[in-house]
Amino acid sequence: MVQNQIRSLFLLFAGEEELPDAVQPVLDEAILEVQQALKDGADEDDARLNWLAFLRYTEITAARDRAACTFAGTIAQNTDAAQKLEFAGLLVQAYRRLCRSLLEDETFLFQTV
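(A) Structural view of the packing of helix α1 (residues 3–14) against helix α2 (residues 23–37). Here α1 crosses α2 at 125 degrees, and the two axes come no closer than 11 Å. By the criterion of interaxial angle, the relationship of α1 to α2 is oblique. Crossing angle aside, the handedness with which α1 passes α2 is right-handed. Between α1, through Gln3, Ile6, Arg7 and Phe10, and α2, the contact on the second element is made entirely by Val23, Gln24, Leu27, Asp28 and Ile31. By residue class, the composition of the contact of α1 with α2 is five nonpolar, two polar and two charged.

(B) Representation of α1 in the model. The terminal C-alpha atoms of α1, which comprises 12 residues, lie 16 Å apart, in line with the 16 Å expected from a rise of 1.5 Å per residue. Those residues of α1 that fall on the buried side of the exposure criterion are Ile6, Leu9 and Phe10. Looking straight down α1, one finds that the buried residues subtend no more than 95 degrees of arc, so they occupy a single side. Among the exposed residues of α1, those oriented more than 90 degrees off its buried face are Asn4 and Leu12. The inward-facing, buried residues of α1 abut α2 and α3 (47–62).

(C) Structural view of the pattern of salt bridges. All told, the structure shown has three salt bridges when counted by the stated rule. We note a salt bridge from arginine 56 to glutamate 33, for which the minimum N-O separation is 2.6 Å. In this pair, arginine 56 sits in helix α3 while glutamate 33 sits in helix α2, placing the two residues 23 residues apart along the sequence. We classify arginine 56 as partly exposed; its relative accessible area is 22%. Assessed through its relative accessible area of 27%, glutamate 33 is described here as partly exposed. As a salt-bridge pair, arginine 48 and aspartate 46 come within 2.8 Å of each other at their nearest N and O atoms. Looking at arginine 48, the relative accessible area reads 25%, which means it is partly exposed.

(D) Inspection of a nonpolar patch on the surface at higher detail. Together, Leu12, Phe13 and Trp51 line one region of the surface with nonpolar side chains, adding up to about 330 Å² of accessible area. If you trace the backbone, leucine 12 turns up in helix α1.

(E) Fine view of the packing of aromatic side chains. Inspection of every chain in the model, using the stated rule, returns five aromatic pairs. Their ring planes at 20 degrees and their centres at 6.3 Å tell us that tryptophan 51 and tyrosine 95 sit as a pair that is stacked. Placement of the pair is tryptophan 51 in helix α3 and tyrosine 95 in helix α4 (residues 81–98), with a sequence separation of 44 residues. On the accessibility criterion, tryptophan 51 (32% relative accessible area) is partly exposed. Following the ring pairs from residue to residue traces out a cluster consisting of Phe10, Phe13, Trp51, Phe54, Tyr57 and Tyr95.

Reading the values: rules and limits
Residues numbered from 1 in each chain as written. Predicted model: local features only at pLDDT ≥ 70, side-chain atom pairs only at ≥ 80, totals over all residues. Heavy atoms only, no water. Axes fitted to C-alpha atoms, helices over the stretch in contact; angles between N-to-C directions. Helix = DSSP H or I, 4+ residues; strand = E, 2+ residues; numbered from the N terminus. Parallel < 35°, antiparallel > 145°, perpendicular 65-115°, else oblique. Left-handed = near helix turned anticlockwise from the far one by under 90°. Contact = heavy atoms within 4.5 Å. Nonpolar A, V, L, I, M, F, W, Y, C, P; charged D, E, K, R; others polar. Expected span 1.5 Å × (residues − 1). Buried < 20%, exposed > 50% of the residue type's maximum accessible area, 1.4 Å probe, protein only. Arc of directions from axis to C-beta. Salt bridge = Lys/Arg side-chain N within 4 Å of Asp/Glu carboxyl O. Patch = residues over 30% accessible without salt bridge, like charges linked within 9 Å, V, L, I, M, F, W, Y side chains within 5 Å. Areas by Shrake-Rupley, 256 points an atom, 1.4 Å probe, with all protein chains shown as cover. Phe/Tyr/Trp six-rings, centres within 6.5 Å; stacked < 30°, edge-to-face > 60°.

Quick look at the structure:
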């Protein structure tokens, strides 16, 4: 994974010019999670992994327990944090499927002997 590309994804979607100090530790954690899930010999520079790490960051931050409000004129527009979390989780699952050739299989099956 290329950290500069992941940072660029954050800046693109956040509309920021610089990465806030509070974001870097969470972004690093998301990158570490993806690195730890890689299969032996997987290409760490595959661009799909950059997106997976960024979406994992999005999933982590969507879990914050508060609603974001913006005001357009006199109308408040609330976004539901649970809805954000669910959507971010779906995106992470979709990208994990897209990256399945690079990631360890996390399924576990109980069988009888």
